[in-house]
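Understanding the architecture of this molecule
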Amino acid sequence: MSGEEEERQLLCAWGSNSCGQLGLGSREDALCPQRVPGFPGKRQVIQSISGGGSHSAAVTDAGELYVCGQNKNGQLGLGHCEDLPRFSLCPAVLNLRVVKVSCGWDFSIILTENGLLLSCGSNAFNQLGIPQQKSSSVPNPVQNLKEKVVDIAAGLRHSLALTESGQTLQWGSGLASHAKRFCHRKSIHPFYTAEEPYPVPGLEDVKAVQVTAGSYHSVALSAAGELCVWGSNKHGQLLHPECFVLQPHRIERAMFHGEPIRAVWSGWSHLVAQTESGQVCSWGRSDYSQLGIDGSVVPGAKEEDDRVPAGSFTPPASVPGLAGAAQIACGSEHTLALCGNTVYSWGWNEHGMCGTGSEDNVPTPTAVCIPHSNTVKLIGCGAGHSMVLCVSSGQSIQLLSSESEEHFSRSDTFSYRPSLTNVFSWNHFPDFTPFFVVVFV
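Just so it is clear, the model here is predicted, and its values are computed rather than measured.

The four strands are arranged E7-E8-E9-E10 in an open sheet whose pairing can be described as antiparallel. The strands lining the two open edges of the sheet, one partner per strand, are strand E7 (98-103) and strand E10 (135-141). Strand after strand, the sheet turns through a mean of 15° between neighbouring axes, direction not considered. Strand direction decides the pairing type here: strand E9 (residues 117-122) and E10, joined by four bridges, are antiparallel. Residue Ser 122 lies in a different strand from E10, and its bridge partner there is Ser 135.

Attention shifts here to empty space enclosed by the protein. Scanning the model with the defined rule gives three cavities of 30 Å³ or more in all. Approximately 50 Å³ is the volume found for the largest cavity. Residue lining of the largest cavity: 14 residues in total, with Leu 65, Val 67, Gln 75, Leu 76 and Ser 108 positioned closest to the centre. At the level of secondary structure, the elements contributing two or more residues to the lining of the largest cavity comprise strand E4 (55-60), strand E5 (65-69), E7 and strand E8 (107-112). Its residues placed into classes, the lining of the largest cavity shows 10 nonpolar, four polar and no charged.

As a further point, take the sheet that holds strand E23 (residues 327-330). Within the open sheet, the four strands sit side by side as E23-E24-E25-E26. Their pairing is antiparallel. Across the chains shown, the open sheet's two edge strands, defined by having one partner strand only, are E23 and strand E26 (362-367). Pairwise comparison of adjacent strand axes, ignoring direction, gives a mean angle of 15° for this sheet. The pairing of strand E24 (residues 334-339) with strand E25 (residues 342-347) spans six bridges and is classified as antiparallel. Its bridge partner being in E25, Thr 335 is matched across the sheet by Trp 346.

Here we take up the packing of aromatic side chains. What characterises a pair of aromatic rings is the spacing of the ring centres plus the angle enclosed by the ring planes. Across all of its chains, the model carries seven aromatic pairs by this definition. Their ring planes at 20° and their centres at 4.7 Å tell us that Phe 39 and Phe 87 sit as a pair that is stacked. On the criterion of sequence distance, the pair formed by Phe 39 in the loop between strand E2 (30-35) and strand E3 (46-51) and Phe 87 in strand E6 (residues 84-89) is long-range, its members being 48 residues apart. By relative accessible area, Phe 87 is classed as buried at 12%.

With that out of the way, let us pick up the pairing of E3. Taken across its six residues, E3 has five buried, putting it largely inside the fold. Bridge count between E3 and E4: five bridges; the pairing is antiparallel. When the sheet's bridge partners are listed, Ser 48 is paired in E4 with Val 59. Hairpin connection of E3 to E4: three residues between the antiparallel strands.

Cut-off values and rules
- Residues numbered from 1 in each chain as written.
- Predicted model: local features only at pLDDT ≥ 70, side-chain atom pairs only at ≥ 80, totals over all residues.
- Heavy atoms only, no water.
- Pairing = 2+ DSSP bridges.
- Helix = DSSP H or I, 4+ residues; strand = E, 2+ residues; numbered from the N terminus.
- Axes fitted to C-alpha atoms, helices over the stretch in contact; angles between N-to-C directions.
- 1 Å grid on protein atoms, 1.4 Å probe; cavity = no way out; pocket = protein on both sides within 12 Å on 5 of 7 lines; lining within 4 Å.
- Points joined across faces, edges and corners; volume = space filled by probe spheres on them.
- Nonpolar A, V, L, I, M, F, W, Y, C, P; charged D, E, K, R; others polar.
- Phe/Tyr/Trp six-rings, centres within 6.5 Å; stacked < 30°, edge-to-face > 60°.
- Buried < 20%, exposed > 50% of the residue type's maximum accessible area, 1.4 Å probe, protein only.

Take a look at the structure:
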């Protein structure tokens, strides 16, 4: 190990890496945090990180967008369809000041500072909101938006947007086949097959403040701290007796001991929420330890069932040791949480996305071995990968000199300064290669 002068921020990534989504320059999975070489640079201050099926996106405080990983459908927005194993600048949005990116399975939606929404990647399910295009390798404006957008969420093959007035919009046909199966092939509401943003019926009187999406479900958090959910409930993630919830269902506050919800995150089929008092609760699918509660296994419904099996879903339960967590991020079937200066992980770990050094699933929140002398400022997930950001005070930082094969040891030291904390959650997708990214500032 050798020392070297390094810029203020340090980005680390681990987990699935078959398409180079970790930005390490390789395509081998990483079971422990790995330093991302050459990014960020001295003048690049990372503001947010997000991930999709097998691609990653980082936004800087200057509004620049950097991307890496799978690009088969043009989801990196670079004007071509070649995978990239290192973070590269997306020139198409260079002058638009990007503030947030949400990555779906094979597409990306991009929100700018002035509320403009763009998308790129696969449009096989109309998830881009750009009719009559099968895909796009460059970001194009999402159609039929009548006001500024303030929040976005990409599901597996559908998209959500929240407008300045609190209206929730959905488009893409990713949920349509499940809805039709539940309705026995009868007609379903057009918002399930919309090619452009469509107001979600039943939420006309709900002012939303956040949206998130799973593989086949959607969630809106109201200003009153209530969760409105719709879509697939196969694993009890919507806390409803039906296997598919056609219209938005408002979850009773009693499920959270009467507390309003402060924020919510979604994996493929599990949900995590934080209450006003700071308690972290989880519910939904648990066969890969997604809930972080040892011994909780909730069976799902069979494809042909119309109802969730009796007693198969349980109310939200507090995840031990996470009260007051500063950040939460969900992958497809795993979760990260930041408490104090410790990053915890749990859930599915086949590709090492929990960062424990093995591929065994992690049943309860377990500390990830990240140099404890660093201040973790940001965590993020892709379907099967993770990200962490740390910040230094601008002084020299002792780092490993290897490009990608060595991981941090507890003897590594970093100086740091306080920095703005942003939280990004990854909405998961099927058939992906998992990975994680960690940024230290």
